[in-house]
Amino acid sequence: MKRLLLLSAAMEISMSMAVAQVQVQQLTTENLTNPIGLDNTQPRFSWQLQSNKRNVLQTAYEIKVGTDAKIKGNGIWTSGKVSSDQSLLIPYNGSSLTSGKRYYWQVRVWDNQGNTSPWSTPAYWQTALLQPTDWKASWITQGFDDNGPRVSPLFRKEFTSGKKVSRATAYITAHGMYEAQINGKRVGDAYLTPGWTSYNKRLQYQVYDVTGLVQQGNNAIGVTLGNGWYRSYLAWSNSKDHYGTDVALLLQLDITYTDGTTQSVVSDESWKSSTGSIRYSEVYHGETVDARLDKKGWSTAGFNDRDWIPARKENYTKSTLLATYNEPVKKHETFKPLRVFKTPQGEQVLDYGQNLVGWVVVKASGKSGDSITLSHAEVMEKNGNFYTENLRAAKAENTYVLKGEGEETFEPHFTWQGFRYVRVKGYPGTINPDNFTAVALYSDMKPTGTFTSSNPLLNQLQHNIEWGLKGNFLDVPTDCPQRDERLGWTGDAQVFFRTASFLRGVGNFFDKWMKDVAADQLPTGAVPHVIPNVLGKQGGSAGWSDVATIIPWEMYLAYGDKKILEQQYPSMKAWVGYMSSQSTEQLWNKGGHFGDWLFYSVNDDRDGHSAITNKYLIAQCFYAYSTQLLINAATVLGNTQDVATYTTQLNNIKEAFRKEYTTPNGATTSNTQTSYVLALQFDMLPEAQRQQAADRLVKNIKQYGNHLTTGFLGTPYLCHVLSRFGYTDIAYSLLLQETYPSWLYPVKMGATTIWERWDGMKPDSTFQTPSMNSFNHYAYGAIGDWMYRVMVGIDTDDDGVGYKKITIKPHIGQKITNAGAAYDTRYGKLSSAWKVENGKLLLDVEIPANTTATIYIPANNAGDILESDRPLVSGNELQVAGTEPGYVKLKAGSGIYRFSTKWDSKK
């Protein structure tokens, strides 16, 4: 018995040690999990460490790559044991890769506590077509004339697969949008493919593993095309065909059989074309589907295509083709109507309770020729009637014509709508809410950040920020999803980026978009107002064109990837060069600018209450900021000559600002919140004048009854500046303000997304001018960044970007009793949550393995702090590193910590 007990104890100790041993998890290639279709010949590997011990750091790693899931020996490449704490973005450095081939890799690590992990479970990636000559397919268009309403064409091809299939891979792209099927089954779960890029310079293709769809014997491929962004109406004045007048298909299906032989099925003139049920499809205006014209079984083998017309082979370029790294648009949340009601005008309306972006899937039974029309709106007007005036020219209607053969299901293919309310006309029979399912569509970026607090209104604001992101991140970061716009406005994107990077894994999403920023940058160096650019030569507006410098730098801070700076550096430099070319003695006071867009304005203003900030003052501030960011990037990249050149230029820019836009006592000539915010955020004033400028800012805020007056460019920095200069209490007052203008005013008015304007809906339930009044516009959601990085206190240290070195510094607010946030860094979970109760402040912190943190505890001295209910002891896991006003500073390794200290709620 004693021997059994000893054996049991030994087993428990062994198991405990096994659990404590460092593990490797979350393997990614180019930040993607087991991706299909990478054209990078040196893909980069990342992983996370997992351990139940504190203060765990990687000291070495070893990677091996093979062509089989069971990697034998060293495979085709091994890194060997590399002494390094790097666990992100380590490049493959083996022999040349082969197109269309799957590779497997695994890693093991050593840590600072003497542990060696087991080899990880293998991950894989599959290469795309690495050489232009790998494309055997030809571009094809429909064989019939494209007259009238530009009906969506169908393409089909039958082929025989005579052997057992080992792997089948499809490579597909289009001019326009496409949906593909093999043997009647949809290829992939992505929508609005191939996505939107600067098509004439960069056209992405998607790669699909379709092994499970190809059968031994007879097969058929079918593809439907739509106008998409390629030739739909975009922007205004009936502007269309921005990239061409055609829709075209390029498809290659490569099959490998179990005996090692291969076969390719490619788009060429042997394909056939026809039309089907999609009779009309436009991005803004919606889609018409006539089920009577559906060709049942058209994408299956044996279908009678005798009347179909041979496709035309076209000589369109393939030189612009690129593999896709950003996440595709997919279906996500679904909603049933919360209520069905009749308006005073007698119209039937569905209310989904959430302003969302996507479409409604409809089920209906009726007679052949019955027509159902769904119209979409964000809000109901004051009298309870359906309101679409703010959609401007966008019809946003989907029409479905029934075949009349029992229950039928309809949904769009190549369009989408932004809506909360849906008007239903022509529905046969009584409306059953279960037959109308709203589906949210957005790019399938991984959720990474959460936030919650003791204030329900603040939690709803967080909800609205998240849904503003979801609704506008459809392959490009659009300004709005509902009206005749839906464009990638650069200013909106740059002010919201830091908030977005907390909420979602937006690295690949913005990497793709920033390549389009560089591709569409004008020869002068000016950046167009929208990307992809469909507005011609318009560009160069301060705060908008600065997207060229701001997002690359903030991406580097968020993800720690130098590649984005290397990639965008010429674009950054060109934009700063443009501003310099437009300046006289480094004063940029010319050109057209949007200024502090949609700032607080009073109708018939006679007393100066409208918060108008000089547009050239704003331009000068952003000129300085972009120059500083260029210096930062040059420093990281080792471009010492540029550092010296632009440092001198920056000093001159700031001196020109002070001469032109400030008084000797440090007042700004505009005397607005935005003028002080930008001057302080970008360090435009001498050190000795900054605090007085902050004091002037607070005085201005109080003059407006503790309300903000800032627009798109001032708002993102407002609370950051207040906290930086000791006015966190004022920042909280603004955040929690419930009357117009404020962040919580729309919440109180029932908003479920962020509005374009502070008063999109006025207190009397009337609307702002309909020509520009979106109710899903994420720019003002940039306050989220302050909530996460300052209120809760989660941030990355500039000396350890990408959260390799972490800062936790919460700022406690009087009216909030708890707030917490969690963020999935590329190293693992990071969280901070504080609570004030019973005269104590509790702070729970989690730091991921292979990182370190500086934690600021709101306390006067270390002796007041408990950690896990024990007096704080300085050691390997936690070291007291000093104090600063209001905080005790600790250095911490990875692990989970609970701190507590006395707290005076009257502070």
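One can find the structure itself at the top, above this paragraph.
Cut-offs used in this document
Residues numbered from 1 in each chain as written. Predicted model: local features only at pLDDT ≥ 70, side-chain atom pairs only at ≥ 80, totals over all residues. Heavy atoms only, no water. Pairing = 2+ DSSP bridges. Helix = DSSP H or I, 4+ residues; strand = E, 2+ residues; numbered from the N terminus. Axes fitted to C-alpha atoms, helices over the stretch in contact; angles between N-to-C directions. Core = buried A, V, L, I, M, F, W, Y, C linked by side-chain atoms within 4.5 Å. Buried < 20%, exposed > 50% of the residue type's maximum accessible area, 1.4 Å probe, protein only. Contact = heavy atoms within 4.5 Å. Expected span 1.5 Å × (residues − 1). Phe/Tyr/Trp six-rings, centres within 6.5 Å; stacked < 30°, edge-to-face > 60°. Lys NZ or Arg CZ within 6 Å of the ring centre and 35° of its normal.

Draft legend 1. Structural detail: the sheet that holds strand E44 (residues 878–884). On the basis of which strands lie adjacent, the open sheet formed by five strands has the order E36-E37-E41-E45-E44 and mixed pairing. Looking at strand neighbours, the two that pair on one side only are strand E36 (794–796) and E44, the edges of this open sheet. Taken over all neighbouring pairs, the strand axes of this sheet differ in orientation by 25° on average, direction set aside. Pairing of E44 with strand E45 (residues 887–892) involves six bridges; the strand directions are antiparallel. Bridging across to E45, Glu 884 finds its partner in Tyr 887.

Draft legend 2. Representation of the nonpolar core within the structure. Counting 235 residues, the largest nonpolar core has Trp 47, Leu 461, Met 787 and Phe 899 as its most contacted members. Among the elements that take part in this core, helix H8 (residues 615–637) stands out by supplying 13 residues, more than any other. In this structure Leu 461 touches Leu 735, Trp 743, Leu 744, Val 747, Ile 754, Ile 783 and Met 787, once residues within four positions along its chain are discounted. Within the second largest apolar cluster, 28 residues are counted, among which are Ile 172, Ile 182, Tyr 208 and Val 210.

Draft legend 3. Here's a closer look at helix H6 (residues 547–559). Taking 1.5 Å of rise per residue, the 13 residues of H6 would be expected to cover 18 Å, and the 17 Å separating its terminal C-alpha atoms lies within 8% of that figure. The element H6 is largely enclosed, with a buried count of 13 among its 13 residues. At the exit of H6 stands Gly 560, carrying a positive phi of roughly 70°.

Draft legend 4. Quick look at the packing of aromatic side chains. Taken as a whole, this structure holds 60 aromatic pairs when the rule is applied. When the centroid spacing of 5.7 Å and the interplanar angle of 70° are considered together, the rings of Phe 473 and Tyr 778 count as edge-to-face. Taken together, the residues span a long stretch of sequence, with Phe 473 in strand E34 (residues 473–474) and Tyr 778 in the loop between helix H14 (744–748) and helix H15 (783–792) at a distance of 305 residues. Of the residues examined, Tyr 778 reaches a relative accessible area of 1% and is grouped as buried. A ring pair is formed by Trp 544 and Phe 594, whose centres lie 4.9 Å apart and whose planes are at 50°; its orientation type is tilted. Separated by 50 residues along the polypeptide, Trp 544 in the loop between helix H5 (507–520) and H6 and Phe 594 in the loop between helix H7 (563–581) and H8 bring together distant segments of the chain. Clustering of aromatic rings is evident, with ring pairs tying together Phe 45, Trp 47, Tyr 61, Trp 77, Tyr 92, Tyr 103, Trp 105 and Trp 125. Above the ring of Trp 110, the side-chain terminus of Lys 81 is found at 4.3 Å from the ring centroid. Over the ring of Tyr 191 we find Arg 186, and its NZ or CZ is 4.0 Å from the ring centre.

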